[in-house]
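# Residue-level structural notes
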Amino acid sequence: MRFEGTGRCVLVLVGLVCLVGGCVPNKIYNAERSEYLVELDTADEEVGVDLAVIEFDEFGMYWDREQLEDTLRLIERRNAESERGIVVWTYTHGWQNNANPKPDENDLARFREQIRETSERLSRINRLGGLVGIGSLQPDHVVGVYLGWRGATSNFPVHKFSTFWERLRVAERVASYSMLETMFRLTAAAKARPDSKVLITGHSMGGMIVAKTLARPLVTTLMTRGLEGFELDADLILLENPALDALSSMQVIEYLKRFGTVAELRYSDGRVEPAPGPVMVSITSEVDAVTKNAYQFGRVLGTFGTAFRRDRLEGGPSQQQLARRSEGHVDFLVSHRAWIEDGELRLEAVPGAFNDTPYWVVQVTEDICASHGDIWNDRYRALIRRMLELNRIYDTDVETWVRTTRTLGEG
C-alpha cells in the first residue's frame, strides 16, 4: 500500500536523523543521590551553597520521587542550621536543555555558576554589614533547585530546530500536578523558617511551565484571602523570555486589575509600605526571534479554524492577536521597558500602561538580551539583581505581601 510505504520512509528518515545527529535519550540523568544533591565549592565559605536536581518525564511525572524528598530534607536541614535563613532558588529550563550534568555550557552548568555567584555576593554583603556595624540581614545559605525535563530531543543541527512545537506540547504536560506539588512543597519547606526566601524562575518553555503552574493558585488565593492579604510563598516569580501566550497572561492581568491587586513590603517592626517591585515579572527581549517569530508562526497554524471573538478592549488587541503572540511581544501588556543608556541600566514604567499590576511584563533591548538564550550575560543578570533589590528580596527583615482592594462583589 502507498500509505504503508510512506510510513516506512518516515520511520527510516527519523532513524537516520537519530543515527547521524544523535537523539537525546528519554531517561533520568541523575539517578544517584550523590548526583542530584551536590554541595558546591565557593571562594568564600561565609554563605554555603547546594545544588539539587529534580527530573520530570514526558508526561510531567517524577522520574524518581526521592529526588524531591531528599531535596526537602536538605532544605529542612539547612534551615535548622541557619542563623539568618536561607535562599531556595528554583530554575525550570526551557527548549534545547535537560538535566544532563556533563555538558559545560548547558543551562544546568550555567545555573550552577549562578547560585555559586549568588552565595559569594551574599557573603560580601554580610561581611560589609559586619564591618560597618549595621548587622547582617542577608541569608547565610543558598539551595539551588534545578527542575529538569526533556526540553531537547535531538542533537542534529537542522532537526533540533524543528522540535520547538512538539517540545512545547510536552512542556504544557509538565506544567501539571507533579510540578505544582514540587513548587508548593519546596516553598513550604523553605518558609517553615519565616526569614528564609524563595525565588522561582523559568526560561523559555520553562517560563511557561512556571506561569501555567502558579498563576491559577495565585488567583485562587486572592479570591479567598484577597482583602486581608497574604505573604507570598515565593518572594519573586521570574519568567525569562517565556514561551507563553498573551491570552493567558491577559486573563491574569485583567483579574489583578479588576480587584485592585497591590503588593506590599511588611517589616518585622510593623511598618507597611507599597512594594516598588513586582511579585511576578516576565522579561522578554524585543529581538527574541523564537518567542516573536517562531512562536507566532506555530500559534497561527495551531489555532487555524478557531472561532475567536471579534470585540476587543478599547485600544487593545483582539482575542486572536493575543492567542497567537507571546506576552512579551504584545505592547498592550508591556508594563515596563529596560535599556542601557550611557553604560547604565535603565528600567522605567510605561506611561499610562494598561498593565499597572504587580505582574510586570518587561520588554528589554538587544543590548541587554541579544537572543532567546542570552540570559546569562552581565547586563541581563544586572537587571535580575535590580528586580531582587526593588522589593529587598534578600532582606530577612522584610516580607512581600499581596492583597486586593476590592471584594469579589465589587469586581
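For clarity, every value in this text was computed on a predicted model and none was experimentally measured.

## Considerations on the overall build of the protein chain
Across its full length, the protein chain carries 11 helices and 14 strands. In terms of overall size, the protein chain behaves like a compact globule, its C-alpha atoms giving a radius of gyration of 22 Å where 411 residues would be expected to give roughly 22 Å. Counting over 411 residues, the protein chain shows a buried share of 55%. For the protein chain, restricting intrachain contacts to residue pairs at least 6 apart in sequence, the fraction spanning at least 24 positions comes to 79%. In the form shown here, the protein chain has an accessible surface area of approximately 19,000 Å², with 53% of it arising from carbon and sulfur atoms. Each charge class in the protein chain was averaged separately, 48 positive and 60 negative side chains, and the resulting centres sit 6 Å apart.

## Notes on the packing of helix α3 (residues 65–81) against helix α6 (residues 177–191)
It is at 9 Å that the axes of α3 and α6 come closest, and there the two elements cross at 15°. One finds that α3 runs roughly parallel with respect to α6. Considering how the two elements wind past one another, α3 and α6 form a crossing that is right-handed. Contacts between α3 and α6 involve Arg 65, Leu 68, Glu 69, Thr 71, Leu 72, Ile 75 and Asn 79 from the first element and Glu 181, Thr 182, Arg 185, Leu 186, Ala 189 and Ala 190 from the second.

## Examining the nonpolar core
For soluble globular proteins, the rule of thumb is that nonpolar side chains tend to be buried together. Counting 109 residues, the largest nonpolar core has Ile 283, Tyr 359, Val 362 and Leu 383 as the members making the most contacts within it. In contact with Ile 283, other than residues within four places in its own chain, are Leu 238, Leu 239, Glu 240, Asn 241, Pro 242, Val 362, Val 364, Tyr 380, Leu 383 and Ile 384.

## Quick notes on helix α7 (residues 205–225)
Between the first and last C-alpha of α7 there are 30 Å, a value that for 21 residues agrees with the 30 Å anticipated at 1.5 Å per step. Leu 214 marks the point of greatest bend in α7, at about 30°, and the proline Pro 217 comes within the next four residues.

## Quick notes on the side chain of Thr 357
Structurally, Thr 357 can be placed in the loop between β12 (344–349) and β13 (359–364). In terms of polar contacts, Thr 357 uses its side chain to reach the side chain of Asn 355, at 2.8 Å. Within the local environment of Thr 357, its side chain forms a polar contact with the backbone nitrogen of Tyr 359, the two atoms lying 3.1 Å apart. Contact partners of Thr 357, with chain neighbours within four places excluded, come to Ile 253, Leu 256 and Lys 257.

## Description of the confidence of the model for the protein chain
Of the residues in the protein chain, 91% have a pLDDT of 70 or more, and the chain-wide mean is 90. Throughout residues 10–21 the model reports pLDDT below 50, and contacts reaching past four residues in sequence, or to other chains, amount to eight contacts.

## Structural notes on the sheet that holds strand β9 (residues 272–274)
Ordered in space as β6-β14-β8-β9, the four strands form an open sheet in which the pairing is antiparallel. Across the chains shown, the open sheet's two edge strands, defined by having one partner strand only, are β6 (230–231) and β9. Note: strand β8 (residues 262–267) against strand β14 (residues 398–403), six bridges, orientation antiparallel. Across the sheet, the residue bridging to Glu 264 is Trp 401, located in β14.

## A closer look at helix α11 (residues 378–390)
Relative to the 18 Å expected for 13 residues at 1.5 Å per residue, α11 spans 18 Å between its end C-alpha atoms, a close match to the ideal helical length. Of the residues flanking the start of α11, the one acting as N-cap is Asn 377, its side-chain oxygen 2.9 Å from the backbone nitrogen of Arg 379. Count one or two residues on from α11 and you reach Arg 392, which has phi positive near 50°.

## Digging into the pattern of salt bridges
Scanning all chains against the criterion turns up 32 salt bridges. Between Asp 70 and Arg 73 there is a salt bridge, and its shortest N-O distance comes to 2.6 Å. In this pair, Asp 70 and Arg 73 are both assigned in helix α3, three residues apart and thus about one turn of the helix distant. You can call Asp 70 buried: its relative accessible area is 8%. Here Glu 81 and Arg 77 are joined by a salt bridge, their closest N and O atoms 3.9 Å apart. Here the residue Glu 81 and the residue Arg 77 both occupy positions in helix α3, the gap between them amounting to four residues, near one helical turn. A relative accessible area of 48% places Glu 81 in the partly exposed class.

## Looking at the packing of aromatic side chains
Scanning the model with the defined rule gives 10 aromatic pairs in all. Taking 4.6 Å as the distance between ring centres and 45° as the angle between the ring planes, the aromatic pair formed by Tyr 255 and Phe 259 counts as tilted. We note that Tyr 255, like Phe 259, is buried. Linked through ring pairs, Tyr 91, Phe 111, Tyr 146 and Trp 376 together constitute an aromatic cluster. Over the aromatic face of Phe 354 sits the side chain of Lys 257, whose NZ or CZ is 4.8 Å from the ring centroid. Stacked on the ring of Trp 401, the Lys or Arg Arg 266 has its end atom at 4.0 Å from the ring centre.

Conventions adopted
- Residue numbers here run from 1 along each chain, matching the order of that chain's written sequence.
- It should be noted that, the model being predicted, local features are given only for residues of pLDDT at least 70 and side-chain atom pairs only at 80 or more, the latter also being counted only at that level, while totals for whole chains, interfaces and linings use all residues.
- Excluded from the side-chain calculations are hydrogens and water; all other atoms, namely the structure's heavy atoms, are used.
- Helical segments are the DSSP runs of H or I of at least four residues, strand segments are the runs of E of at least two, and each set is numbered from the N terminus.
- We take the radius of gyration over the C-alpha atoms and set the globule estimate at 2.2 Å times the residue count to the 0.38 power.
- Summary of the burial criterion: residues with accessible area below 20% of their type's maximum are buried, those above 50% are exposed, and those between are partly exposed, where the area comes from a 1.4 Å probe applied to protein chains only.
- In this analysis, two residues are considered to be in contact whenever any of their non-hydrogen atoms come within 4.5 Å of each other.
- For every accessible area listed, the method is Shrake-Rupley and the probe measures 1.4 Å; residues are considered covered only by the protein chains on display.
- When charges are counted, neither His nor the chain ends are considered; positive counts come from Lys and Arg and negative counts from Asp and Glu.
- Where a charge sits is defined by one atom per residue type, namely NZ (Lys), CZ (Arg), CG (Asp) or CD (Glu).
- The convention used is that axes are lines fitted to C-alpha atoms, helices contributing only their stretch in contact, and that angles between N-to-C directions extend from 0 to 180 degrees.
- What sets the label is the angle itself: under 35 degrees gives roughly parallel, over 145 gives roughly antiparallel, 65 to 115 gives roughly perpendicular, and the rest give oblique.
- In this scheme the crossing of two helices becomes right-handed for a clockwise turn of the near helix relative to the far one and left-handed for an anticlockwise turn of less than a right angle.
- Put simply, a nonpolar core is a bunch of buried Ala, Val, Leu, Ile, Met, Phe, Trp, Tyr and Cys residues held in one set by side-chain atoms that sit within 4.5 Å of each other.
- Expected span of a helix: the number of residues minus one, times 1.5 Å.
- Two axes enter the definition of the bend at a residue: one is fitted to the seven residues ending there, the other to the seven starting there, and the bend is the angle between them.
- Pairing of N or O atoms within 3.5 Å defines a polar contact, subject to two protein rules: one partner must be a possible hydrogen donor and the other a possible acceptor, and residues neighboring in sequence count only if both atoms are side-chain atoms.
- The quantity called pLDDT is the predictor's confidence in a given residue, expressed from 0 to 100.
- Should DSSP find at least two bridges between two strands, the strands are taken to pair.
- Every case where a carboxyl oxygen of Asp or Glu lies within 4 Å of a side-chain nitrogen of Lys or Arg is listed as a salt bridge.
- Pairing of aromatic rings covers Phe, Tyr and Trp, the last through its six-membered ring, and needs centres within 6.5 Å; plane angles under 30 degrees mean stacked, over 60 mean edge-to-face, and all others mean tilted.
- As a reminder, the over-ring test applies to NZ of lysine and CZ of arginine, requiring each to be within 6 Å of the ring centre and within 35 degrees of the ring normal.

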